[in-house]
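Chain by chain, the residues:
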Amino acid sequence: MSLYKAFFKIIKKNLFSVLLYLGIAVGVVMLLNGIYADNESKKAKLDKYNIYVENQDDSEYATAVAEYLKKAHNVKDKELTEDQVKDLLYYEQIVAYIRIPKGFGETFAATGENKIVNMYDDSMPVGIYISLQLDNYLNALRGYVEQGLSVSEASAKTEESLDITKYVSIEAEEKQANGTLKGNFNYLPYGILTVLIMGVFPAVVAFNKGEKKNRLQVSSMSSGKRSGWILAAAATFSLVVLVILVTVASVMGGSGGSVPGNVDGEVTSTAAKSILFTETWWLAVANAAVFTLVVAMMISMLANVPFFANAPAAAFSNIIGLGFCFLGGTFVPLSILGDGVKKVGQFLPNYWYSTAVTRIFDGGTFADVWDCFAIQLGFGLACLFIGLAVARVTADQKQLA
């Protein structure tokens, strides 16, 4: 028990660094959670552009087109001359000048011909987009009128049918209800790596060198018991860190991670909250626990190798933490990593952790992620055996000397 207490006394000496990196990890989750929620929870909407509309016709069709453009874009109300319009287009204050000529309504009703003039800068494709938008509107408008609806009724029906944002929102609700929680769990490896290295690594190193090591070797306590107490202390600290980070990720994903709710643009966090304590959530927690165990095994190797044991913990925390996270898909999604980076990343536990997170939140079960767990544990066991082998060789060399 004395070793157990001594372990935490050493951590207490480094408490500021541990809390600092823990705060950074929590801050990263909160910051990226806010960005993700802000982007994903809003109702999808089409881009609006600054345009100028000149309506020279007084027909119902012309009025309907002008009203539609006012709803779809930001229309300049001030009357402008031709030179002013050209200047605004040149300086990109407006992206298009739309003129509805006199007689447009009569011609359109009779033949369906579109005589609307759209003047825009050819180097800006947004002008073509607005032309296509107008064509779609007029084609749908004419179709509804031919079915017997009035122009105003046909215009309302057309606007509703062309509003694709509600369909995008519905699909987003179905596919991304757990998106924010997924993002939060994907960022956890950074916190686990940095905090454990700053806390566990200095403590394990302290027991393996100097006067502490000599006193332990001459004590009446067996080596197995000594290792057991140190292991128990490291496991306790790792578990506390894991619980804190998982709690933050879950709370932020459940309350802050709102998802698209209805076609009016309102959002709800009900779907995100419902994910907590489901099979998906438990698998994500298990994945984080496996990764934590692997990191602890890796730290034991670093602490037993003399070259690494003499290095400062902060160096490992920054180099390993950032390096593993960028190469393993923690900060940069695996889908956009280059093939070369992926090949390197496959040798790191972060890569398989991120792969497991993707599979879990895409609806996978344990059968879909067990291989990711196994590969992570394989990496950890390799580190553990390397550390034990190096420690054994180092001890034998000291005895021969």
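These remarks concern the structure in this document. (Residues numbered from 1 in each chain as written. Predicted model: local features only at pLDDT ≥ 70, side-chain atom pairs only at ≥ 80, totals over all residues. Heavy atoms only, no water.)

Moving on to the pattern of salt bridges. Applying the stated criterion to the full structure yields four salt bridges. The residue Glu146 makes a salt bridge to Arg142 at a minimum N-O spacing of 3.3 Å. Taken together, the residues Glu146 and Arg142, both in helix 6 (residues 126-146) and four residues apart, mark about one turn of the helix. Overall, Arg142 belongs to the partly exposed group, its relative accessible area being 23%. One salt bridge in this structure joins Arg359 and Asp371, with 3.1 Å as the shortest N-O distance. Here Arg359 is found in helix 17 (residues 349-361), whereas its partner Asp371 is found in helix 18 (residues 366-400), with twelve residues between them in sequence. (Salt bridge = Lys/Arg side-chain N within 4 Å of Asp/Glu carboxyl O. Helix = DSSP H or I, 4+ residues; strand = E, 2+ residues; numbered from the N terminus. Buried < 20%, exposed > 50% of the residue type's maximum accessible area, 1.4 Å probe, protein only.)

Burial analysis of strand 3 (residues 96-100) places four of its five residues in the buried class, the great majority of the element. Taken together, the five bridges between strand 1 (residues 50-55) and strand 3 define a ladder with parallel strand orientation. The residue bridging Val53 from the neighbouring strand is Ile98, located in strand 3. Sheet analysis places strand 3 next to strand 4 (residues 117-119), joined by three bridges and oriented antiparallel. Bridge pairing in strand 4 links Arg99 to Val117. (Pairing = 2+ DSSP bridges.)

Positive phi values are uncommon outside glycine, yet Glu92 reaches one of about 60°. The topology assignment puts Glu92 in the loop between helix 4 (82-90) and strand 3.

In this model helix 3 (residues 60-72) runs 18 Å from its N-terminal to its C-terminal C-alpha over 13 residues, within 8% of the 18 Å that 1.5 Å per residue would give. In this structure, the buried side of helix 3 is in contact with strand 1, strand 2 (74-76), strand 3, helix 5 (104-111), helix 6 and helix 7 (151-162). (Expected span 1.5 Å × (residues − 1). Contact = heavy atoms within 4.5 Å.)

Two elements in contact, helix 5 and helix 6, have axes whose closest approach is 10 Å; the angle formed by their N-to-C orientations is 60°. One finds that helix 5 runs oblique with respect to helix 6. For the element pair helix 5 and helix 6, the recorded crossing hand is right-handed. For the pair formed by helix 5 and helix 6, the contact residues are Phe104, Phe108, Ala109, Ala110 and Thr111 on the first element and Leu138, Leu141 and Arg142 on the second. Looking at the contact of helix 5 with helix 6 residue by residue, the class counts come to six nonpolar, one polar and one charged. (Axes fitted to C-alpha atoms, helices over the stretch in contact; angles between N-to-C directions. Parallel < 35°, antiparallel > 145°, perpendicular 65-115°, else oblique. Left-handed = near helix turned anticlockwise from the far one by under 90°. Nonpolar A, V, L, I, M, F, W, Y, C, P; charged D, E, K, R; others polar.)

So, about the sheet that holds strand 1. Read across the open sheet, the four strands follow the order 2-1-3-4; overall the sheet is mixed. Of all strands in the sheet, those with a lone pairing partner are strand 2 and strand 4, marking the two edges. When the angles between neighbouring strand axes are averaged without regard to direction, this sheet yields 30°.

This paragraph deals with the side chain of Thr107. Looking at the element boundaries, Thr107 is found in helix 5. Residue class for Thr107 comes out buried when judged on its relative accessible area of 19%. Ignoring sequence-local partners within four residues, the contact set of Thr107 consists of Gly112, Glu113 and Lys115.

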